[in-house]
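Structural overview for review
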Amino acid sequence: MQSGETVTAEGGAVPARPADRYGTAGKGKPSKRWRRWLFVAVALVVSGAVGFVYYLNLGQTPIEAERIGFEQRPGDAMQVTLNVTRDDDSKPGVCVVRVRDKSGAESGRREVLVPAGAGHSRVNTVVKSIGTPVTADVFGCSYSIPRYLSSP
């Protein structure tokens, strides 16, 4: 047997690795399972946080409106009828209604105060436009009423 060779159980010679190049042979590499578990834990925390943020932003809103009709009025205006549904009928709300022109661009917008009352309310409003409006929609609703809309 030559120097630098090791003998296996079957009696065959396997050349030894140079220690100065590869280091000494030990039991093997230490286990890296903790890195895998750490990665899994971080991924679960991040995905849970993302899911929670999506739930808060895209979940059911406490106040929402549905456009049930619109009718063109003279003078580049449009009358819009809304059905407003809310979870707390004791609080007033505000809805933003907008009209669009033929190109699809927003040509008028109005904030409509929805007074406290029934859980389901029907609201009519007229929105002025800078051009001829062809459609109307509800941009969104909120319980945060601007100061200029609230009654003194």
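Attention here is on the structure that accompanies the text. (Residues numbered from 1 in each chain as written. Predicted model: local features only at pLDDT ≥ 70, side-chain atom pairs only at ≥ 80, totals over all residues. Heavy atoms only, no water.)

1. Observations concerning helix H2 (residues 33–58)
The first and last C-alpha atoms of H2 sit 37 Å apart over 26 residues, in line with the 38 Å expected at 1.5 Å per residue. With respect to burial, H2 is a largely exposed element, only zero of its 26 residues being buried. (Helix = DSSP H or I, 4+ residues; strand = E, 2+ residues; numbered from the N terminus. Expected span 1.5 Å × (residues − 1). Buried < 20%, exposed > 50% of the residue type's maximum accessible area, 1.4 Å probe, protein only.)

2. Notes on the sheet that holds strand E5 (residues 93–100)
Strands in a sheet are paired, the pairing made by backbone hydrogen bonds, and the direction either parallel or antiparallel. With respect to topology, three strands assemble into an open sheet ordered E6-E5-E8, the strand pairing being antiparallel. Each edge of the sheet is formed by a strand with only one pairing partner; in this case those strands are strand E6 (106–114) and strand E8 (135–142). Across this sheet, the average inter-strand angle for adjacent strands is 20°, counted without regard to direction. (Pairing = 2+ DSSP bridges. Axes fitted to C-alpha atoms, helices over the stretch in contact; angles between N-to-C directions.)

3. Here we look at the state of the cysteines
This structure, assessed with the given rule, holds one disulfide. The disulfide partner of cysteine 95 is cysteine 141, and the S-S distance across this bridge is 2.1 Å. Handedness here is read from the sign of the S-S torsion; for cysteine 95 and cysteine 141, about 105°, the answer is right-handed. Placement of the pair is cysteine 95 in strand E5 and cysteine 141 in strand E8, with a sequence separation of 46 residues. (Disulfide = S-S within 2.5 Å.)

4. Some words on the pairing of strand E4 (residues 77–86)
Most of E4 is tucked away: seven of the ten residues are buried. Hairpin geometry of strand E3 (residues 63–73) and E4 is characterised by an intervening segment of three residues between the two adjacent antiparallel strands and by a positive phi of about 80° at glycine 75. Bridge count between E4 and strand E7 (residues 120–128): nine bridges; the pairing is antiparallel. Within E7, the residue paired with alanine 77 across the bridge is lysine 128.

5. A closer look at the nonpolar core
By size, the foremost hydrophobic cluster in this structure holds 14 residues, and its most contacted members are Val80, Val84 and Val97. Secondary structure elements with two or more residues in this core: E4, E5, E6 and E7. Among the elements that take part in this core, E4 stands out by supplying four residues, more than any other. Beyond its immediate sequence surroundings of up to four residues, valine 84 is in contact with Ile63, Glu64, Ala65, Cys95, Val114, Gly119, His120, Ser121 and Val123. (Core = buried A, V, L, I, M, F, W, Y, C linked by side-chain atoms within 4.5 Å. Contact = heavy atoms within 4.5 Å.)

6. Remarks on the pattern of salt bridges
Summed over all chains, the structure comprises five salt bridges. Salt-bridge contacts for arginine 98 lead to glutamate 106; the nearest nitrogen and oxygen are separated by 3.5 Å. Judged by relative accessible area, which is 15%, arginine 98 ranks as buried. The class of glutamate 106 is partly exposed, set by a relative accessible area of 36%. Aspartate 137 is the partner of arginine 98 in a salt bridge, and the nearest nitrogen-oxygen pair spans 3.2 Å. With arginine 98 in strand E5 and aspartate 137 in strand E8, this residue pair connects regions lying 39 residues apart in the sequence. Connected via shared salt-bridge partners are Arg98, Arg100, Glu106, Arg109 and Asp137. (Salt bridge = Lys/Arg side-chain N within 4 Å of Asp/Glu carboxyl O.)

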